Amino acid sequence: MSGRARVRARGMARSPSAAGAGRALAPPSPASVDLGNSEASSTSGFVGTSRMSEKCEDVIPSGDAGCTFIERGGKIRWDFTDLSVCTREKLAHVRDCKRGSSGVPVKLVTNLFSLDLPQDWQLYQYHVAYVPDIESRRLRIALLYSHKELSNKAKAFDGVILFLSQKLEEKVTELSSETSRGKTVKMTITLTRELPARSPVCIQVFNIIFRKILKKLAMYQIGRNFYKPSESVEIPQHKLSLWPGFAISVSQFESRLLFTADVSYKILRNETVLEFMTGICQETGMSCFTQTCEKQLLGLIVLTRYNNKTYRIDDIDWSVKPTHTFQKQDGTEVTYVDYYKQQYDITLSNLNQPVLVSLLKSKRNDNPEVRVAHLIPELCFLTGLTRQATSDFQLMKAVAEETRLSPLGRQQRLARLADDIQRNKDARFELETWGLHFGCQMSLTGRVLPSEKILMQDRVCQPGSAAEWSKDMRNCKILSARSLNKWLVICSNRDENVTEDFLHCLRRVGGSMGFNVDYPKIIKVQENPAAFLKALQKYVDPNVQLVMCILPSNQKSYYDSIKKYLSSVCPVPSQCVLTRTLNKQGMMMSIATRIAMQMACKLGGELWAVEIPLKSLMVVGIDVCKDEFSKGMVVVGFVASINPGITRWFSRCILQRTTTDVADCLKVFMTGALNRWCKHNHAPPARIVVYRDGVGDGQLKTLIEYEVPQLLSSVTEASSNTSAKLSVIVVRKKCAPRFFTEVNRSLQNPPLGTVVDSEATRPEWYDFYLISQAAGRGTITPTHYNVIYDDNGLKPDHMQRLTFKLCHVYYNWPGLISIPAPCQYAHKLTFLVAQSVHKEPSLELANSLFYL
Amino acid sequence: MDNCEVPSKKVIEFKPPVYEQRYCFVKNLVNRHGLRKIADLGFGDATLLWMLKYHRCVQYLVGVDIAARPFEWGGGRLSPGVGGYIVPRELDLTITLYRGSAVQKDSRLCGFDLITCIELIEHLDSEDLAKFPEVVFGYFSPGMVVISTPNSEFNPLFPASTFRDPDHRFEWNRTQFQTWALDVAKLYNYSVEFTGVGDPPAGAEHVGYCTQIGVFQKNIAKATESSISEPEEHVPEEHIYEVVYTTSYPSLQQSKYFRLTLSSESVKAIGLMKSRFLRGLRKREGDRVVPLGSCTPQFGLTEAQRAEIEQSPKPYSVGEKFYVPLERLIIYPKVNHLVAGSMEKLRTILAEGLLLNGDQSAVQVELVDYQTQRLFDEHLISPVLESLMEEQDEYSENYILRAVSIGQTTLVAIARDKMGRKFTSAPRQIEITRLE
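Residues numbered from 1 in each chain as written. Chains lettered and ligands numbered in written order. Predicted model: local features only at pLDDT ≥ 70, side-chain atom pairs only at ≥ 80, totals over all residues. Heavy atoms only, no water.

If you look chain B up in an unreviewed UniProt entry, it shows as Small RNA 2'-O-methyltransferase from Zalophus californianus. Recorded under Sequence similarities (unreviewed entry), the UniProt text for chain B is reproduced unchanged: "Belongs to the methyltransferase superfamily. HEN1 family." (UniProt positions renumbered as here; feature names shortened; annotations may be inferred.)

Chain A carries the name Piwi-like protein 4 isoform X1 in an unreviewed UniProt entry, which gives Zalophus californianus as its organism. Under the UniProt heading Sequence similarities (unreviewed entry), the note attached to chain A is "Belongs to the argonaute family. Piwi subfamily." The UniProt entry for chain A carries the following text under Subcellular location (unreviewed entry): "Cytoplasm".

Undergrad: Residue-level account of the overall build of chain B, with values.
TA: Looking only at helices and strands, chain B has twelve helices and 19 strands in total. Within chain B, the proportion of its 436 residues that are buried is 51%. For chain B, long-range pairs separated by at least 24 residues make up 68% of all intrachain contacts whose partners lie at least 6 apart in sequence. (Helix = DSSP H or I, 4+ residues; strand = E, 2+ residues; numbered from the N terminus. Buried < 20%, exposed > 50% of the residue type's maximum accessible area, 1.4 Å probe, protein only. Contact = heavy atoms within 4.5 Å.)

Undergrad: Please give an account of the packing of aromatic side chains that cites residues and values.
TA: One pass over the structure, following the stated rule, counts 45 aromatic pairs over all chains. Consider the rings of Phe768(A) and Tyr785(A), whose centres lie 5.2 Å apart with planes at 20 degrees: the pair is stacked. Taken together, the residues Phe768(A) in strand β36 (residues 766-771) and Tyr785(A) in strand β37 (residues 783-790) connect sequence positions 17 residues apart. Judged by relative accessible area, which is 0%, Phe768(A) ranks as buried. Among the residues examined, Tyr785(A) registers a relative accessible area of 0% and is labelled buried. Judged by centre distance (6.4 Å) and plane angle (35 degrees), the rings of Trp172(B) and Phe177(B) are tilted. Overall, Phe177(B) belongs to the buried group, its relative accessible area being 0%. (Phe/Tyr/Trp six-rings, centres within 6.5 Å; stacked < 30°, edge-to-face > 60°.)

Undergrad: How would you sum up the sheet that holds strand β2 (residues 60-65) of chain B? Please name residues and give values.
TA: Residue and element names in this part refer to chain B. Ordered by their spatial adjacency, eight strands build an open sheet running β6-β7-β5-β4-β1-β2-β3-β8, and the pairing between neighbours is mixed. Strands at the two margins of the open sheet, each flanked by one partner only, are β6 (190-197) and β8 (242-248). The sheet shows a mean angle of 15 degrees between the axes of neighbouring strands, direction not considered. Inspection of the sheet shows strand β4 (residues 114-118) paired to strand β5 (residues 144-150) by five bridges, in the parallel sense. If you follow Thr 116 over to β5, its bridge partner there is Val 146. Packing against the sheet, helix α1 (residues 18-33) makes contact with β1 (37-41), β4, β5, β6 and β7 (211-218), and its axis sits at approximately 170 degrees to β4. (Pairing = 2+ DSSP bridges. Axes fitted to C-alpha atoms, helices over the stretch in contact; angles between N-to-C directions.)

Undergrad: Requested: an account of the pattern of salt bridges, with residues and values cited.
TA: Residues and elements named next belong to chain A. This model, assessed by the stated rule, comprises 42 salt bridges over all chains. A salt bridge links Glu 254 to Lys 98; the nearest nitrogen and oxygen atoms lie 2.8 Å apart. Taken as a pair, Glu 254 in the loop between β11 (240-252) and β12 (257-272) and Lys 98 in the loop between α4 (78-83) and β2 (104-116) lie far apart in primary sequence, 156 residues in all. The buried category is assigned to Lys 98, whose relative accessible area is 3%. Of the charged contacts in the structure, one is a salt bridge between Asp 262 and Arg 738, with a shortest N-O distance of 3.1 Å. Of the two residues, Asp 262 is situated in strand β12 and Arg 738 in the loop between β32 (725-732) and β33 (739-743); the sequence distance between them amounts to 476 residues. (Salt bridge = Lys/Arg side-chain N within 4 Å of Asp/Glu carboxyl O.)

Undergrad: Which residues make up the nonpolar core, and what are the values?
TA: In terms of nonpolar packing, the biggest core is built from 89 residues, with Trp487(A), Phe515(A), Met548(A) and Tyr825(A) touching the most fellow members. Mapped onto the domain boundaries, this core takes at least three residues apiece from domain 3 (481-603) and domain 4 (614-733 + 792-845) of chain A. Setting aside residues no more than four positions away along its own chain, Tyr825(A) makes contact with Val639(A), Trp649(A), Val809(A), Tyr810(A), Tyr811(A), Leu849(A), Tyr851(A) and Leu852(A). Counting 73 residues, the second-largest nonpolar core is a separate cluster that includes Val334(A), Val18(B), Val58(B) and Val197(B). (Core = buried A, V, L, I, M, F, W, Y, C linked by side-chain atoms within 4.5 Å. Domains from an automatic or database assignment.)

Undergrad: Can you tell me about the packing of helix α4 (residues 126-140) of chain B against helix α5 (residues 174-188) of chain B, naming the residues and giving the values?
TA: Residue and element names in this part refer to chain B. Relative to each other, α4 and α5 sit at 45 degrees, their axes nearing to 10 Å. Considering the angle they form, α4 stands oblique to α5. Note that α4 runs across α5; the crossing there is right-handed. Residues Leu 129, Phe 132, Pro 133, Glu 134, Phe 137 and Gly 138 of α4 touch α5, and the partners they reach there are Trp 180, Val 184 and Tyr 188. The residue makeup of the contact of α4 with α5, split by class, is seven nonpolar, one polar and one charged. (Parallel < 35°, antiparallel > 145°, perpendicular 65-115°, else oblique. Left-handed = near helix turned anticlockwise from the far one by under 90°. Nonpolar A, V, L, I, M, F, W, Y, C, P; charged D, E, K, R; others polar.)

Undergrad: Pulling in residues and values, what's your account of the environment of Arg416(A)?
TA: All names here are of chain A. Tracing the sequence through the fold places Arg 416 in helix α13 (residues 407-423). When its relative accessible area of 42% is taken as the criterion, Arg 416 is described as partly exposed. For the pair Arg 416 and Leu 614, spaced 198 residues apart in the sequence, the C-alpha separation amounts to 48 Å. Setting aside residues no more than four positions away along its own chain, Arg 416 makes contact with Lys 228 and Glu 231. For Arg 416, the side chain forms a polar contact with the side chain of Glu 231, separated by 2.7 Å. (Polar contact = N/O pair within 3.5 Å; in protein donor to acceptor, adjacent residues only side chain to side chain.)

Undergrad: Run through unusual backbone geometry, naming residues and quoting values.
TA: Residue and element names in this part refer to chain A. The amide bond that connects Val 131 to the next residue, Pro 132, takes the cis arrangement and shows omega of -5 degrees. Mapped onto the elements of the fold, Pro 132 is located in the loop between β3 (122-131) and α5 (137-145). The phi dihedral of Ser 616 falls on the positive side, at around 60 degrees, and the residue is not glycine. The residue Ser 616 is located in the loop between α19 (588-602) and β28 (617-626) in this model. With a phi angle near 65 degrees, Arg 745 is a residue other than glycine that sits in the positive phi range. Tracing the sequence through the fold places Arg 745 in the loop between β33 and β34 (746-748). We classify Arg 745 as exposed; its relative accessible area is 83%.

Undergrad: Describe the domain arrangement of chain A, naming the residues involved and giving the relevant values.
TA: Along its sequence, chain A is carved into domain 1 (122-196), domain 2 (222-241 + 262-403), domain 3 (481-603) and domain 4 (614-733 + 792-845). Computed from C-alpha atoms alone, the centre-to-centre distance between domain 1 of chain A and domain 4 of chain A is 52 Å.

Undergrad: Provide a residue-level description of the state of the cysteines, including the pertinent values.
TA: One way to say it: the disulfide is the covalent bond shared by the sulfur atoms of two cysteines. Summed over all chains, the structure comprises zero disulfides over all chains. Between Cys665(A), a cysteine without a disulfide, and Cys653(A), which holds the nearest cysteine sulfur, the sulfur-to-sulfur distance is 8.7 Å. The exposure class assigned to Cys665(A) is buried, which follows from its relative accessible area of 8%. Counting only cysteine sulfurs, Cys24(B) is the nearest neighbor of Cys57(B), a cysteine outside any disulfide, at a range of 15 Å. (Disulfide = S-S within 2.5 Å.)

Undergrad: Tell me what's going on with the pairing of β1(B), and back it up with residues and numbers.
TA: Residue and element names in this part refer to chain B. Within β1, four of the five residues are buried, leaving the element largely enclosed by the surrounding structure. One ladder, built from five bridges, connects β1 with β2; its direction is parallel. Across the sheet, Lys 37 pairs through a bridge with Tyr 60, a residue of β2. For the crossover from β1 across helix α2 (residues 47-52) to β2, the handedness is right-handed. (Right-handed = clockwise from strand over helix to strand, strands pointing away.)

What follows is the structure, encoded as structure tokens:
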């Protein structure tokens, strides 16, 4: 896993389905245009001494009366939907205890804070009806809040549903208010539910309360997180501002309610859409200006200068200019120029700019009317980083320097947040009226699993550091390798000498690791992608074992065209090496070693192994990745071990058209893998453990209902008598909890192999956290494992240790990695296909790790 | 009260609504006079304050309301917003909200340019109404006061026959309001003009505006005497109001935001220059590579500005660094405006955030970054010319009009001499400066 690959992966995190959406409705009808200033427009008629509240903005969805709070969905956060999936109760062997036993106990500090409630605490849910009915949510809220009965109570209200921590005297309370226009409005407040503190609805209300509190601490909500602009860090040379802040949530953990806070940074760009467009125009000229703009801008999230809101660009309307008029909500016509001058005292400098079109999400789910917002490019700021930006080493270095926090630095930020919450008068008041007590930071005990031995062909080595054992492996023979006799090297004319030097090195290191490399046929070509491709077409035939390309630049077109041709059209393993890499003097031996190992794997070789006590165990990794080009396509990768030593792999990959990231083809893949296993081992495997990565928020239920049955059915069909036992584990690299160990009064990352299976886990899941990767700088994010299906009935301890063992056998890195190797293989495979190949790789390659 | 079917008087609809017209009235007044320090008594939902905060001239906004509650103002629409940090205002702005009454004295309300009482006085009972002029005109004594109140002569046009709001203690006709206002003005040495918003419908012009407004202006003689800007000298500190919310806006008056804005404007200008530099023809002069053509952005500048920029020292590159002379940068309108033409200021402030060259005469940036990388990836980059026309004498004068690149390393130059004759050079290999 190279840094470049990781960076690329991050750059892709753009929203996938932007392109088509806006098109369908262009040109948008000016009558329904909303300029994104709903703050100004929705206060109609209600003035006087009562005021509106900013409370529960957007957090509680407002909708039809009668529906229960949780069912109306749509905006419910993932942890609530996923948390309602109780998988543990079906797993008898962990119902009482899901804790392991082996390893050395270690005390860990967390980023979790206790949140205490009185024993008998309850939340009261009311429904509020207005007669006559009032549309405006602001007005609804203002009318209710102006009442003395409610003014001193802790409350959360979205316009329909009201939550109180104290019960009203009557089950049904009638109030009446008058608007400034003299209209009498009757409000009926009816108790609908009494909720215990553990109910998911309560958890959601707690989250709303904390959002309010963080806003009170002068933080801004962007997306789900809160940021402090007053402490921003500027990187002027890259036109960036970094805002420090927190991702926060309240949820029910193993034994209690906890508040989680993790440090987060928001990257803001000091660049308007207009400036961005000007740049494009200067670079590309007018000929393909509009296409380039649309290609680069559609789907991006922009921030408007005047009203603190974010919008997604769904379309660009080139026919509308700022001098055109639109209809305001009160029906008057005004030009964009005049509107911004009058409303915000902003003078638009460019009167020829087009307008950006953004589809607005309907607040009410039943409202079929599509509303669009017109935005002026000059007033919109770009947010986030483009793929080009994330691949800029200088820029990413500057960002990393600011954002990478040591465990101690992180802890200091957390302590300050906790302090701020406890000290702020209003925050304290709010918590007290709800009856909440914000407690101290939680510590817990984890265990450090025993370290693993690495099995080589001629010896067993106990690495000095499990983080990396390349030194320990020097002069060791790898487990097995086919000798490389017939292979090609393609390089540009200029790189002939450097190639010769490199080949010399490669053959030497190959020999010492037990991988025999013969001298290849060298083909010299011109320095352009087409010439490389032509050489491949001319010289590669099925007898060629491997093709190596020495690439003169890291231009994507070289890599993509080579990989595409050799993965699907003419399936031969390939190895690309940059000239620049080979020019690094003094590192030649270690570079050659790494490349030799990759090549050995691509030929079906095995490098090293760890001891697996379970005989006849197949492990599987599944990952899903969005295709870089074709929006709406996802790539599903499936990698299964085909020998008991877990050193040989069967890899499949498919592109599927779907809106969700749910794999559709698992039955076929699983059956294929089982057949392959049987062929090699003459009997089906006794146990199968599947690690599923790439699961999005809120998909847990779909996974259980859709993917697990696919796997199960192919397993039962495969064997006539006793079918293999299956376990399915969801792997998540992103999770909220963080763990630190205290060493010499300072904090450090926990040791490798630290397992946490209590307190920070969830009561409704069979889950644990494992730290299996080292970080030189910064803070480690633990990996979360959630066993959603388990026939195997392995003890939790064994499950944890097996997972840890599997983090040792990723052949691209002689050391531990953050997720089990099969997952990382599946990720590597899907990434290659999604980024470069865009096609299903040939089945002939399935037996080798051709994608390393 | 289900008698909706009873035909009622036609409801009068204002476009835009009257409340908005009232606020716009204040807004225009603020703009016209360039008022700096404004207080709104009875700010309600703070819509007026919110509208006023966008004005460049406004620097202090204060709201006072008897029913203001603290928690409702956290992170609300009076806060600067993300955009406020990215594009800071020119001038500082502080917004403070107080819980308090318009008939209580608080010295923090003294010395304002304008105090507005929009639809406020009709909520006061007779006792408070009597105290009101002394507090607002006598004690706060601002430069201007705007008071709006319903015009009861208009009421018959509404369906409801009583007051417009149950909390109203009275609704005056024009004579009542004007008598009261003139008395107050006389007593506290203000002059007053009457106007209103909410035009009556056709045929009912005699009733006057829906809302009547009095604009009071402090008489100048008095104003100079009791100096608006230094009220503290006369007024002892008296803090009755409770602060409910306060926020200050980032602005160019604060060094952090000034530096940020100046460097980001400079970097933007440099970025555009750089991409033009790389796309245009360049030649080597010693260790420098200099542009042959113009490096001025095509957009956002007037002809005169472009001409001036063309005259200034050109940007150049050395190795992988790109340099823009400060003398050129300072001509860019946005940069020039920020530093008010001061080269020293530009140099000092840029040196804090960006890299300058050895003699501090130019800004240094990387030639290749994520934005110019595209030029390299897509071969949009043009080569460096090394003295194309070797055989020149003092009589020849070359203008390179066009260079056609063939492949990537071969170039043909087409030139015309003074006589207008066209020469085409033989295709020749050009060294491309490799930028890794």
